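Each chain, written out:
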Amino acid sequence: MTAPLPIVEELLDATDDAARARWILNAPLDVLLRDQMSIRAALQRAGFQPGLTCLATEIAALCGTRCDDGGHPITLRVSREYARLQLVEIARKRPN
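None of the values given here were measured: they were computed from a predicted structure.

Some remarks on the pattern of salt bridges
- In this structure the tally under the stated criterion is five salt bridges.
- Here Arg20 and Asp17 are joined by a salt bridge, their closest N and O atoms 2.9 Å apart. Remark: Asp17 and Arg20 occur in helix H2 (residues 17-26); sequence separation between them is three residues, near one turn of the helix.
- One salt bridge in this structure joins Arg34 and Asp35, with 3.4 Å as the shortest N-O distance.
- By relative accessible area, which is 17% here, Asp35 ends up buried.

Put into structure tokens, the structure is as follows:
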């Protein structure tokens, strides 16, 4: 097994859900796809369900079949946006 990329180490070092949410919102999509297993494991260890949901919707968008217009099915677009907005709200919170 190879060592995680420095950008993934930032997630592993996150100390709260707000930091995890900011990381997911800012991470390049190719990192989410390439390192999805280690990212998922880190989010599971932290018990960060909104992050797991967002990761799943991003992976589905990256890997799923698109519609004739090149877009994603409406159900995926809505799910992806809802997951993103949940993380935006969490990311705004400051540690106590």
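After that view, the rundown keeps rolling.
A short note on the packing of H2 against helix H6 (residues 74-92)
- Running from amino to carboxyl end, H2 crosses H6 at an angle of 135 degrees, the nearest separation of the two axes being 8 Å. Looking at the two axes, H2 sits oblique to H6. Relative to H6, H2 is oriented so that their crossing is left-handed. In this structure, H2 contributes Asp17, Ala18, Ala21, Arg22, Ile24 and Leu25 to the contact, and H6 contributes Arg84, Leu87, Val88, Ile90 and Ala91.
- Residues that form the contact of H2 with H6 fall into these classes: eight nonpolar, no polar and three charged.

So, the nonpolar core
- Within the largest apolar cluster, 20 residues are counted, with the highest numbers of intra-cluster contacts made by Trp23, Ile24, Ile39, Leu43, Phe48 and Leu87.
- For this core, the elements supplying multiple residues, two or more each, are helix H1 (6-13), H2, helix H3 (29-34), helix H4 (36-46), helix H5 (49-63) and H6.
- Ignoring any residue separated from it by four or fewer positions in sequence, one finds Leu43 in contact with Leu11, Arg20, Ile24, Phe48, Gly51, Leu52 and Leu55.

Side note on H5
- In this model, H5 (15 residues) spans 21 Å end to end at C-alpha, consistent with the 21 Å of a helix rising 1.5 Å per residue.
- Where H5 is concerned, the buried positions are Gly51, Leu52, Cys54, Leu55, Thr57, Glu58, Ile59 and Ala61.
- As for H5, its buried residues are in contact with H2, H3, H4 and H6.

Focus on the packing of H4 against H5
- Across the interface, H4 lies against H5 with an axial gap of 9 Å and an inter-helix angle of 160 degrees. Relative to H5, H4 is oriented roughly antiparallel. In this structure, the crossing between H4 and H5 has a hand that is left-handed. Residues Gln36, Ile39, Arg40, Leu43 and Gln44 of H4 lie in contact with H5, whose contacting residues are Gly51, Leu52, Leu55 and Ile59.
- Across the contact of H4 with H5, the residue classes tally to five nonpolar, three polar and one charged.

What counts as what
- Residues numbered from 1 in each chain as written.
- Predicted model: local features only at pLDDT ≥ 70, side-chain atom pairs only at ≥ 80, totals over all residues.
- Heavy atoms only, no water.
- Salt bridge = Lys/Arg side-chain N within 4 Å of Asp/Glu carboxyl O.
- Helix = DSSP H or I, 4+ residues; strand = E, 2+ residues; numbered from the N terminus.
- Buried < 20%, exposed > 50% of the residue type's maximum accessible area, 1.4 Å probe, protein only.
- Axes fitted to C-alpha atoms, helices over the stretch in contact; angles between N-to-C directions.
- Parallel < 35°, antiparallel > 145°, perpendicular 65-115°, else oblique.
- Left-handed = near helix turned anticlockwise from the far one by under 90°.
- Contact = heavy atoms within 4.5 Å.
- Nonpolar A, V, L, I, M, F, W, Y, C, P; charged D, E, K, R; others polar.
- Core = buried A, V, L, I, M, F, W, Y, C linked by side-chain atoms within 4.5 Å.
- Expected span 1.5 Å × (residues − 1).

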